[in-house]
Amino acid sequence: MKSRVLILGAGFGGMELATQMSNALGEAADVTVIDKGESFVFGFSKLEVAFGKKSLDDVRHPYQDFEKLGVRLLRETITAIDPEARQVTTENGIYTAEYLVVALGAEVDPFATPGLAEIGTHFYSVDGAERVCAALPDFKRGHAVVGICGFPYKCPPAPTECALMLDNYLRQRGLRGECEITLVSPLSILTPVSADLSDALMEACEEAGVNVLLKTLVRSVAAGIATLDDGQELPYDLFLGVPKHVAPKVVLDSALAEGDWVPIDLASMQTAFEKVYAIGDIAKTGLPKAGSFAESQASAVASSILSKIKGGTPKPNTGSGECQVEFGDGRVSWADADFLSGPKLEVIYNPPSLEGRKHKEAFAKKREMRWFGK
């Protein structure tokens with residue numbers, strides 16, 4: 001099958017790009033989206049599942065509900081990518097395109113950290129979040145370690161969110177006095193998007209009694225011991241891990257990847273291959289790996305493709321996105337960042353508040369309506 005635009009992956013970037021192409025061209029869009037999954041899940045929903053605030057059914061958005069003029073969404077597993085020919089192979093056939101966009105996201109690799117796959121409690125996948133939810137009721141005393149095992153990883157504040165949500169979870173159960181929480185992070189601050197947001201998170205950790213170890217990674221986990229890259233050993237009774245992130249194997253096996261990621265031109269998101277783009281967590285941008293940044297990259301690619309189809313000057317990638325952060329007690333903060341439009345990073349920081357939760361809910365609802373019509 002040949003399509004004008006072939007999008008690999010139906011995450012933030014893929015969904016937004018397909019929507020923009022449909023809005024611009026209607027039935028003439030001729031877009032094919034391929035994703036092996038059955039449903040879309042917001043990244044922040046995994047922590048909601050992990051802490052029992054929502055069930056998996058509550059946070060799933062079935063792809064069968066994604067209906068756009070000029071767009072086909074196929075649920076198939078991609079087995080090979082040939083960027084030179086703009087050709088993709090799945091278990092069901094071969095697809096070619098005039099424009100190929102790779103938006104397959106980053107995958108977690110628990111096997112990259114010795115012992116992590118056996119421990120199993122990481123919260124960066126749906127399955128992992130369910131295992132965390134099952135393990136939490138048995139944690140009643142002792143030491144909990146929230147440990148990052150690789151960098152870069154998706155959503156830089158998420159591990160701190162996890163530590164603060166765990167603090168609140170234990171307080172609600174009357175167990176906080178029996179438990180210690182340590183957060184291990186390779187970063188020099190808790191989130192690089194905003195110094196104000198990072199300071200607020202550090203203050204919240206101090207108030208909650210969460211120990212924070214910066215500039216270090218978890219290198220291995222064994223039964224009851226997490227070993228850091230500086231040789232320090234942390235005994236634990238509950239380990240909540242952030243596995244190393246890598247591009248999917250099918251991308252690493254193609255000519256697109258350089259190391260763990262796909263290099264791109266930051267303004268256009270085009271790869272080294274003509275009319276082949278990479279957006280979202282898979283792209284080597286140096287920017288945060290988060291859904292809203294994938295959206296702004298999708299806008300740049302849509303503009304580039306539409307300029308070739310209809311004429312006009314393409315709009316470059318703005319490097320903009322929004323970072324929302326749970327503080328564990330019902331308050332939510334967010335920061336709007338623009339990395340590329342001006343001469344320096346511009347950030348608008350909104351302190352944590354209960355009103356911030358309404359903002360986060362509106363963020364999700366807007367995309368549910370835009371992509372799924374509900």
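## Side note on the sheet that holds strand S12 (residues 210-213)
Sheet architecture is open: 4 strands sit in the order S12-S11-S10-S16, paired in parallel fashion. The sheet terminates laterally at S12 and strand S16 (238-242), the two strands that pair on one side only. Across this sheet, the average inter-strand angle for adjacent strands is 15°, counted without regard to direction. Of the strand pairs in this sheet, strand S10 (residues 142-148) and S16 are connected by 5 bridges, and their pairing is parallel. What sits directly across from Gly-147, in S16, is Gly-241. Each of S10, strand S11 (179-184), S12 and S16 touches helix H6 (residues 158-172); the most contacted strand, S11, lies at about 175° to it.

## What to know about the packing of helix H1 (residues 12-25) against helix H10 (residues 355-372)
H10 packs onto H1 with a crossing angle of 50° between their chain directions and a minimal axis gap of 10 Å. Between H1 and H10, the interaxial angle falls into the category oblique. As H1 runs across H10, the sense of the crossing is left-handed. Residues Phe-12, Met-15, Glu-16, Thr-19, Gln-20 and Asn-23 of H1 touch H10, and the partners they reach there are Phe-363, Arg-367, Arg-370, Trp-371 and Phe-372.

## Comments concerning the sheet that holds strand S13 (residues 218-222)
Pairing within the open sheet is antiparallel, and its 3 strands lie in the order S13-S14-S15. If you trace the sheet from one side to the other, it starts and ends with S13 and strand S15 (233-235), each paired once. For this sheet, the mean angle separating the axes of adjacent strands, direction not counted, is 20°. With 4 bridges connecting them, S13 and strand S14 (residues 225-228) associate as antiparallel partners.

Criteria and cut-off values
- Throughout this description, residue numbers start from 1 for each chain and increase along the sequence as written.
- Totals for whole chains, interfaces and linings use all residues, but because this is a predicted model, local features are given only for residues with pLDDT of at least 70 and pairs of side-chain atoms are given and counted only at 80 or more.
- Based on all heavy atoms of the structure, the side-chain values leave hydrogens and waters out of the count.
- For two strands to be treated as a pair, DSSP must find no fewer than two bridges joining them.
- Only DSSP runs of H or I with at least four residues qualify as helices, and only runs of E with at least two residues qualify as strands; both kinds are numbered from the N terminus onward.
- Only the stretch in contact is used when fitting a helix axis, every axis being a line fitted to C-alpha atoms; angles between N-to-C directions are given from 0 to 180 degrees.
- Contacts are assigned to residue pairs with any non-hydrogen atoms lying within 4.5 Å of each other.
- Our angle categories are set so that under 35 degrees counts as roughly parallel, over 145 as roughly antiparallel, 65 to 115 as roughly perpendicular, and the remainder as oblique.
- In this scheme, a crossing is called left-handed if the near helix is turned counterclockwise away from the far one by less than a right angle; it is called right-handed if the turn is clockwise.

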